[in-house]
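As a plain string of letters, each chain reads:
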Amino acid sequence: MNITLNSEQTEFIQQKLKTGRYQDANEVIVEAFRLLEERDRTYQIWIEETQ
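These numbers were taken from a predicted model, which means no experiment stands behind them.

**Student:** Explanation requested: the packing of helix H1 (residues 7–18) against helix H2 (residues 25–50) in the structure shown.
**Tutor:** Relative orientation and spacing of two packed helices are given, respectively, by the angle between their axes and the distance between those axes. For the pair H1 and H2, the least separation of the axes is 9 Å and the interaxial angle reads 105 degrees. Comparing their axes, H2 and H1 come out roughly perpendicular. In this structure, H1 uses Ile13, Lys16 and Leu17 to contact H2, whose residues at the interface are Ala25, Val28 and Ile29. Its residues assigned to classes, the contact of H1 with H2 shows 5 nonpolar, no polar and 1 charged.

Quick look at the structure:
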């Protein structure tokens, strides 16, 4: 799979790399997916609790 990032997304990744917390762009993207999954789980729990 190939993914094309716009200039803002590329700059965001570059800024994250400059912090030293991430070794490469892949680590930034993996973390983003992990956070998205966490948000989706939290939302699903909220939906189930409020029905």
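**Student:** How should H1 be read in this particular structure?
**Tutor:** An α-helical turn contains 3.6 residues, so any two residues separated by three or four positions project in the same direction. For H1, with 12 residues, the first-to-last C-alpha span of 16 Å sits near the 16 Å given by 1.5 Å per residue. At the N-terminal boundary of H1, the capping side chain belongs to Asn6, with an oxygen 3.0 Å from the backbone nitrogen of Glu8. Directly after H1, the chain includes Gly20, whose backbone phi takes a positive value near 85 degrees.

**Student:** Any chance you could explain the pattern of salt bridges here in plain terms?
**Tutor:** Opposite charge on two side chains permits pairing when their charged atoms draw close. Counted by the stated rule, this structure contains 3 salt bridges. Arg34 is the salt-bridge partner of Glu31, the closest N and O atoms lying 2.8 Å from each other. Separated by 3 residues within a single helix, Glu31 and Arg34 lie in helix H2, roughly one turn from each other. The exposure class of Glu31 is buried, given its relative accessible area of 18%. Taking relative accessible area as the criterion, Arg34 reaches 39% and is therefore assigned partly exposed. Across the pair Glu38 and Arg34 runs a salt bridge whose closest N-O atoms are separated by 3.1 Å. Residue Glu38 and its partner Arg34 are both found in helix H2; the two are separated by 4 residues, about one turn of the helix. Here Glu38 falls in the partly exposed class, since its relative accessible area comes to 35%.

**Student:** Is there a simple way to think about a nonpolar patch on the surface in this case?
**Tutor:** On the surface, Met1, Ile3, Leu5, Ile29, Phe33 and Leu36 cluster together into a nonpolar patch covering about 650 Å² of accessible area. Mapped onto the elements, Leu5 comes out in the segment before H1. Take Leu5: its relative accessible area is 36%, and that puts it in the partly exposed class.

The rules behind the values
- Residues numbered from 1 in each chain as written.
- Predicted model: local features only at pLDDT ≥ 70, side-chain atom pairs only at ≥ 80, totals over all residues.
- Heavy atoms only, no water.
- Axes fitted to C-alpha atoms, helices over the stretch in contact; angles between N-to-C directions.
- Helix = DSSP H or I, 4+ residues; strand = E, 2+ residues; numbered from the N terminus.
- Parallel < 35°, antiparallel > 145°, perpendicular 65-115°, else oblique.
- Contact = heavy atoms within 4.5 Å.
- Nonpolar A, V, L, I, M, F, W, Y, C, P; charged D, E, K, R; others polar.
- Expected span 1.5 Å × (residues − 1).
- Polar contact = N/O pair within 3.5 Å; in protein donor to acceptor, adjacent residues only side chain to side chain.
- Salt bridge = Lys/Arg side-chain N within 4 Å of Asp/Glu carboxyl O.
- Buried < 20%, exposed > 50% of the residue type's maximum accessible area, 1.4 Å probe, protein only.
- Patch = residues over 30% accessible without salt bridge, like charges linked within 9 Å, V, L, I, M, F, W, Y side chains within 5 Å.
- Areas by Shrake-Rupley, 256 points an atom, 1.4 Å probe, with all protein chains shown as cover.

Purely geometric stuff here, so don't read any function into it on its own.
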